[in-house]
Structure formats: structure tokens, C-alpha cells
Amino acid sequence: NLTGKDGSIGIRICSEPFCRQLIKRFRKPIVSTSANVSGYPAPEVFTDIDVAIKNGVDYIVQHRQDDSTAASPSAIVKLNADGSLTIIRP
């Protein structure tokens, strides 16, 4: 369920302090869906996240949901088998 059609996986390296502490304390990888449907724009704030995504997850952390500061989406790069990088989203 975690691999793409080409056998790849996505790994997010986050800089947000809350997320970093959550991962550090959990001491295991955390699996999550994207906050947008593939092909649609990334949400800038929590209220922009599609209701179908919110209803389809097991849990939503009660953190920064009222924050109206627009956030930029994460960069996405793919490490290819030959060691080269493909930039998917800058």
C-alpha cells in the first residue's frame, strides 16, 4: 500500500517543530496520506483540505487547524536507480 506503481516510496523530511518532536518521540516512521488529491493544488491552510481526505484518515492531530498563515507545499524529489534526482515538485 505504500509503494507507487514504479515501486518507489515517498519520504518527507519535515522541518516543522511539532512534527519533528512527534516523530522523535514515536521512534518509528509515520505513514500519512497527502493533504490533497493527486493532480489538485496543495492546500495552503487546514480548511483548504478536501473533506473526503479528512473523512478518510484515522486521525487528525489537533494542531494549527485555526492557523490562517499560508504554507508552501513540501518539495518532492525522486532518487532514481542510477543515483540521479528527478524534481517532481520544487
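See the structure above.
Residues numbered from 1 in each chain as written. Predicted model: local features only at pLDDT ≥ 70, side-chain atom pairs only at ≥ 80, totals over all residues. Heavy atoms only, no water.

Scanning the protein for helices and strands turns up two helices and two strands. Considered along the principal axes of its C-alpha atoms, the protein spans approximately 45 × 30 × 25 Å. Looking at the 90 residues of the protein, the share that counts as buried comes to 7%. With an accessible surface of roughly 8,100 Å², the protein has 55% of that area assigned to carbon and sulfur atoms. Side chains of the protein carry 11 positive and 9 negative charges; the gap between the two charge centres is 10 Å. (Helix = DSSP H or I, 4+ residues; strand = E, 2+ residues; numbered from the N terminus. Buried < 20%, exposed > 50% of the residue type's maximum accessible area, 1.4 Å probe, protein only. Areas by Shrake-Rupley, 256 points an atom, 1.4 Å probe, with all protein chains shown as cover. Lys, Arg positive; Asp, Glu negative; His and termini not counted. Charge placed at Lys NZ, Arg CZ, Asp CG, Glu CD.)

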